[in-house]
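Examining the three-dimensional arrangement
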Amino acid sequence: MNCIIRPCTVKDCKVILQFIKEIAVHYRVPPTEVKVTLEVLREDGFGAQPQYDCYVAELPPRQTNKEGQQIGKRLIEKAAQAAVAKGCGQLRMHIAKTNEMGFLARQGGQDLTAKEGWSLFHFKEDALRRLAARSKF
Ligand SMILES: CC(C)(COP(=O)(O)OP(=O)(O)OC[C@H]1O[C@@H](n2cnc3c(N)ncnc32)[C@H](O)[C@@H]1OP(=O)(O)O)[C@@H](O)C(=O)NCCC(=O)NCCS
């Protein structure tokens, strides 16, 4: 197994942003909806008050074969390890209804939408700001 899983460094922010943009294209999200910038990723991940943890799977230089290395499995195991180390009692993931549902079930996850009927609600920035402006307290 040649792939390593390691914590991101500030130098990885460029490639993280690239991945975010690629996934936006995959889900046909207009580029104008991708608000995050390199500066925000750097500050939020590696500034005075870090807001996220991030891990990357890295193949040795010149190796391009991603098959058979259990990269997805090792990444979710790392996420679980980081969550437990922080004292978390559970892990939740927002996913589109695509093929990773079978993968997550195989790792021991439960589909709460199917089991309990949960929906995911999103307040976009303008709705969030309108709501915040209405607060009297
Ligand atoms: C789903 C995904 C994370 C799996 O990662 P992977 O590196 O291909 O899979 P792994 O090699 O780690 O597989 C681990 C195990 O899960 C199984 N598995 C992999 N994909 C699976 C799937 N879609 N359904 C069920 N089982 C799956 C493997 O057979 C393997 O089983 P084993 O432990 O018994 O050998 C990966 O294929 C992926 O990211 N797909 C694209 C998803 C995507 O782009 N989503 C958009 C962002 S949300």
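Residues numbered from 1 in each chain as written. Predicted model: local features only at pLDDT ≥ 70, side-chain atom pairs only at ≥ 80, totals over all residues. Heavy atoms only, no water.

**Quick look at the confidence of the model for the protein**
With 99% of its residues at a pLDDT of 70 or more, the protein shows a mean pLDDT of 93. Mean pLDDT across the elements of the protein ranges from a minimum in helix α4 (residues 100-106), with 92, to a maximum in helix α2 (residues 38-46), with 98. (pLDDT = per-residue confidence, 0-100. Helix = DSSP H or I, 4+ residues; strand = E, 2+ residues; numbered from the N terminus.)

**So, the nonpolar core**
Counting residues in each nonpolar core, the largest one holds seven residues, listed as C8, C13, I16, L17, L38, L41 and V56. Listing elements by their share of this core, those giving two or more residues are α1 (13-26) and α2. Among the elements that take part in this core, α1 stands out by supplying three residues, more than any other. Look past the residues within four positions of I16 in its chain and what remains in contact with it is C8, L41 and C54. (Core = buried A, V, L, I, M, F, W, Y, C linked by side-chain atoms within 4.5 Å. Buried < 20%, exposed > 50% of the residue type's maximum accessible area, 1.4 Å probe, protein only. Contact = heavy atoms within 4.5 Å.)

**With respect to the site of the ligand**
Near the ligand you find I23, Y27, Q70, I71, G72, K73, N99, E100, G102, F103, R106 and Q107, and these make up its full shell. Here E100 contributes a side-chain N or O atom positioned 3.1 Å from a nitrogen atom of the ligand. Out of a free accessible area of 940 Å², the ligand has 55% covered by protein chains. Here the element with the most residues in the shell around the ligand is α4; it accounts for four residues. Of the residues that constitute the shell around the ligand, the class distribution is four nonpolar, five polar and three charged. (Near = heavy atom within 4 Å. Polar contact = N/O pair within 3.5 Å; in protein donor to acceptor, adjacent residues only side chain to side chain. Areas by Shrake-Rupley, 256 points an atom, 1.4 Å probe, with all protein chains shown as cover. Nonpolar A, V, L, I, M, F, W, Y, C, P; charged D, E, K, R; others polar.)

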